[in-house]
Amino acid sequence: MQLHSSGSLANSYFARQASPCRLRHSNWPRPHRKCRRDTGGCLSAHDGRVPAEADIRYRRADFSEVHSFEARQAFVCNIAHGEAGINLADAAFQIAAEDDALVSHSSVKLPVQQYAKRMQRMAEDIARNRLSHMPSIGSDRDPEAVLQVVQEYLYTKQKFQLPLTNLSGVPEHTRVDHPGVWENAKHAYLHETLISKKGIAAVLAVLQADVLQRLMKLGAVEFVVRTDCSDFTRIPTFVILPGMTRRMITKPDGSLLNTCTSDAIIQILRFLKRAYWPFAWDSSQGLAADSRGLGIGGGFADAAKVALEGEADAAMQAIARTAKHRLERGIWTSPGAGDLRRAKAACERLVLIAGEEFPAERRDLAVILLHCGFLSQAYAELRAYAATEVAQSASADEKELVRRLMALVQKEADAQPKAETLTVKSALAAEAPSMDTDRMIPLTW
């Protein structure tokens, strides 16, 4: 250790604290002989210490596969109930829980229930302090007045708001190398929105729909409304369903039917896919076309060309390697270069919830699976997409890319066990991964 002292009292103090005598008798961890053997004896040339990356005492077990699988299963079980039975807030929380497990490697799961309690407290606050003093009309409160109170509570008192970029920060009608630089993924997570009070319109739609359902369960609201998700460029609004009462949408187990649309979850997942996409993104056809999965816009074309021809830009390769190094260590403060794991997770969930309605989601999943090395699954998804009417009516450029990708993976896919396309049924039948105690992950520092 080198000390640079100017003779001042402060420097003299620190010099005494770091004296060789103190270092020799300090409590700093030193490599045991066993550790030296286990780490291959790779000691630092400067001080004889084992590098932290190689010291087994500082290694962490990887819980990402187990926790992400549990979150995925909860998500699939939720959407398996169909449009009327899905719980959108739970689905949004499980999306966040899976992504958190993939990148944090933490032994502790995302505390989903604690965030759900925040929403319950907001509903109880509205019922107790806002609605209990309202005058009633006939046997029920005025629906318009109730909805105004709920909106004022969420967007005035709690100060929930849209981010400046809202639907997307990616410039329209252009091509960007890293869409994650333009998008803030935190705005698409429900738990992050509860913390920062800022989220995209789809997340706010899920939030206010869940709060209103909680008010119904508390008995504070008797009428039924649906959340208008026709325009994700503004704060969502309520639409009263005349003639319907709370009892009419209450299931035997006490839960309520969904009166919002799963389009909100689809929009959340598309935002996350774009934020974590590790290749260039083309918005030349406009974000509206990208959000509906139309045409060759988005990230498919560039991802396919990289798979077929390789990455030609050395700078892009360096950025990708740096991003991979950081993300493997649970550092995701700046995932602008993309994250293949979370992009894959977003694509898979999009196929599960909207694959039949939007076949292009299978196309995007296929190219991501190819980059991940899952060639048999990629080939299955490409075949499923190629058989759809959307693929048949696609542009000539897209058809050629799909054909070349299928030719690229077919030989390798034939040598592997045949894979089936991703469906809700196949996802529910997936086997839980076992905890690999020998697999350790490096430190974040």
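Residues numbered from 1 in each chain as written. Predicted model: local features only at pLDDT ≥ 70, side-chain atom pairs only at ≥ 80, totals over all residues. Heavy atoms only, no water.

Peer 1: Describe the overall build of the protein chain, with residues and values.
Peer 2: Broken down by element type, the protein chain carries 20 helices and eight strands. For the protein chain, with 445 residues in total, the buried portion stands at 48%. Of the contacts formed within the protein chain by residues at least 6 apart in sequence, a portion of 70% connects residues at least 24 apart. With the model as given, the accessible surface of the protein chain reaches about 22,600 Å², and the carbon-plus-sulfur share is 53%. (Helix = DSSP H or I, 4+ residues; strand = E, 2+ residues; numbered from the N terminus. Buried < 20%, exposed > 50% of the residue type's maximum accessible area, 1.4 Å probe, protein only. Contact = heavy atoms within 4.5 Å. Areas by Shrake-Rupley, 256 points an atom, 1.4 Å probe, with all protein chains shown as cover.)

Peer 1: Hey, could you go over the packing of helix H4 (residues 64-79) against helix H15 (residues 340-354) for me, with residue numbers and the actual values?
Peer 2: A pair of packed helices is characterised by two quantities: the angle between their axes and the separation of those axes. Look at H4 against H15: their axes get within 10 Å of each other, and the N-to-C directions meet at 20°. Taken together, the axes of H4 and H15 are roughly parallel relative to one another. In this structure, H4 crosses over H15, and the sense of that crossing is right-handed. Packed against H4, whose contacting residues are Arg72, Phe75, Val76 and Ile79, the element H15 presents Ala345, Glu348, Arg349, Leu352 and Ile353 at the interface. (Axes fitted to C-alpha atoms, helices over the stretch in contact; angles between N-to-C directions. Parallel < 35°, antiparallel > 145°, perpendicular 65-115°, else oblique. Left-handed = near helix turned anticlockwise from the far one by under 90°.)

Peer 1: Account for the nonpolar core, with residues named and values stated.
Peer 2: Ranked by size, the top nonpolar core spans 111 residues in total, and within it Leu215 and Ile265 carry the most contacts. At 12 residues, the largest contribution of residues to this core is made by helix H10 (residues 201-217). Apart from residues lying up to four places away in sequence, Leu215 is in contact with Ala123, Ile126, Ala127, Leu131, Val150, Ala220 and Val221. (Core = buried A, V, L, I, M, F, W, Y, C linked by side-chain atoms within 4.5 Å.)

Peer 1: How would you sum up the pairing of strand E5 (residues 223-228)? Please name residues and give values.
Peer 2: Among the six residues of E5, five are classified as buried, and the element is accordingly described as predominantly covered. With five bridges connecting them, E5 and strand E6 (residues 237-245) associate as antiparallel partners. Bridge pairing links Val225 to Ile240 in E6. (Pairing = 2+ DSSP bridges.)

Peer 1: Pulling in residues and values, what's your account of the side chain of Asp210?
Peer 2: Within the fold, Asp210 resides in helix H10. Given a relative accessible area of 9%, Asp210 falls into the buried group. Excluding residues that lie within four positions of it along the chain, Asp210 makes contacts with Asn87, Ala89 and Met119.

Peer 1: Describe the state of the cysteines, and please don't skip the residues or the numbers.
Peer 2: Summed over all chains, the structure comprises zero disulfides. With no disulfide of its own, Cys372 has Cys347 as its nearest cysteine by sulfur position, at a separation of 9.3 Å. (Disulfide = S-S within 2.5 Å.)

Peer 1: Explain the packing of aromatic side chains to me, using residue names and the numbers behind them.
Peer 2: The way to describe two aromatic rings as a pair is by their centre distance and the angle between their planes. One pass over the structure, following the stated rule, counts three aromatic pairs. When the ring of Trp277 is compared with that of Trp281, the centres are 5.8 Å apart and the planes differ by 85°; the resulting orientation is edge-to-face. Neither residue differs from the other here; Trp277 and Trp281 are each classed as buried. What links up through ring pairs into an aromatic cluster is the set Trp277, Phe279 and Trp281. (Phe/Tyr/Trp six-rings, centres within 6.5 Å; stacked < 30°, edge-to-face > 60°.)

Peer 1: Got a sec to walk through the packing of H10 against helix H11 (residues 263-276)? Specific residues and values, please.
Peer 2: In contact at an axis separation of 8 Å, H10 and H11 are set at 145° when each is read in the N-to-C sense. Like other packed secondary-structure pairs, H10 and H11 cross with a definite hand, here left-handed. Contacts between H10 and H11 involve Ala202, Val203 and Val206 on the former and, on the latter, Ala264, Ile265, Gln267 and Ile268. Residues that form the contact of H10 with H11 fall into these classes: six nonpolar, one polar and no charged. (Nonpolar A, V, L, I, M, F, W, Y, C, P; charged D, E, K, R; others polar.)

Peer 1: Quick rundown of the side chain of Lys273? Include the residues and the values.
Peer 2: Following the sequence through the fold, Lys273 ends up in helix H11. In this structure the side chain of Lys273 is engaged in a polar contact, spanning 3.0 Å, whose partner is the side chain of Glu361. Those residues in contact with Lys273 that sit more than four places away from it in its chain are Trp281, Ala346, Cys347, Leu350, Glu361 and Asp364. (Polar contact = N/O pair within 3.5 Å; in protein donor to acceptor, adjacent residues only side chain to side chain.)

Peer 1: Describe helix H7 (residues 112-131), listing the residues and the values that go with them.
Peer 2: For H7, built from 20 residues, the straight-helix expectation of 28 Å at 1.5 Å per residue is met to within 8% by its first-to-last C-alpha distance of 28 Å. Turning to H7, its buried residues number three or more, namely Val112, Tyr115, Ala116, Met119, Met122, Ala123, Asp125, Ile126, Ala127 and Leu131. (Expected span 1.5 Å × (residues − 1).)

Peer 1: With reference to specific residues and values, describe the environment of Arg349.
Peer 2: Mapping Arg349 onto the fold places it in helix H15. Classification of Arg349 by relative accessible area gives buried; the value is 0%. For the pair Arg349 and Thr423, spaced 74 residues apart in the sequence, the C-alpha separation amounts to 9.7 Å. Residues within four places of Arg349 in sequence aside, it is in contact with Arg72, Phe75, Ile95, Glu98, Asp99, Leu269 and Leu272.

Peer 1: Break down unusual backbone geometry for me, with residues and values.
Peer 2: Trans peptide bonds make up the majority, and among non-glycine residues the majority have a negative phi. Its identity as a non-glycine residue notwithstanding, Lys159 has a phi of 65°, on the positive side. In this fold, Lys159 is placed in the loop between helix H8 (143-157) and strand E4 (175-176).

Peer 1: Please set out the confidence of the model for the protein chain residue by residue, giving values where relevant.
Peer 2: Chain-level statistics for the protein chain give a pLDDT mean of 81 and a share of 74% at 70 or above. A low-confidence stretch, residues 1-46 (pLDDT under 50), is modelled with 43 contacts involving residues beyond four sequence positions or located in other chains. (pLDDT = per-residue confidence, 0-100.)

Peer 1: Explain the pattern of salt bridges to me, and be specific about the residues and the numbers.
Peer 2: Evaluated as defined, the whole model comprises 24 salt bridges. In this structure, Asp99 engages Arg349 in a salt bridge whose closest nitrogen and oxygen atoms are separated by 3.2 Å. One end of the pair, Asp99, is in helix H6 (residues 88-104); the other, Arg349, is in helix H15, and 250 residues separate them in sequence. In terms of burial, Asp99 and Arg349 fall into one category: buried. In this structure, Arg363 engages Asp364 in a salt bridge whose closest nitrogen and oxygen atoms are separated by 3.0 Å. On the basis of relative accessible area, Arg363 is assigned to the buried category, the value being 2%. Overlapping salt bridges, with partners in common, bring together Arg72, Glu98, Asp99, Lys344, Glu348 and Arg349 in one network. (Salt bridge = Lys/Arg side-chain N within 4 Å of Asp/Glu carboxyl O.)

Peer 1: So what's going on with the environment of Ala202? Residues and values would help.
Peer 2: In this structure, Ala202 sits in helix H10. Distance in space between the C-alpha atoms of Ala202 and Asp263 is 8.1 Å, their sequence separation being 61 residues.

Peer 1: Could you give me a rundown of helix H17 (residues 375-386), with the residues and numbers involved?
Peer 2: Given a rise of 1.5 Å per residue, 12 residues ought to cover 16 Å, and the 16 Å separating the end C-alpha atoms of H17 matches this to within 8%. Among the residues making up H17, those that are buried are Leu375, Ser376, Ala378, Tyr379, Ala380, Glu381, Leu382 and Tyr385. Structurally, H17 contributes buried residues whose contacts are with helix H16 (360-372), helix H18 (389-392) and helix H19 (396-415).

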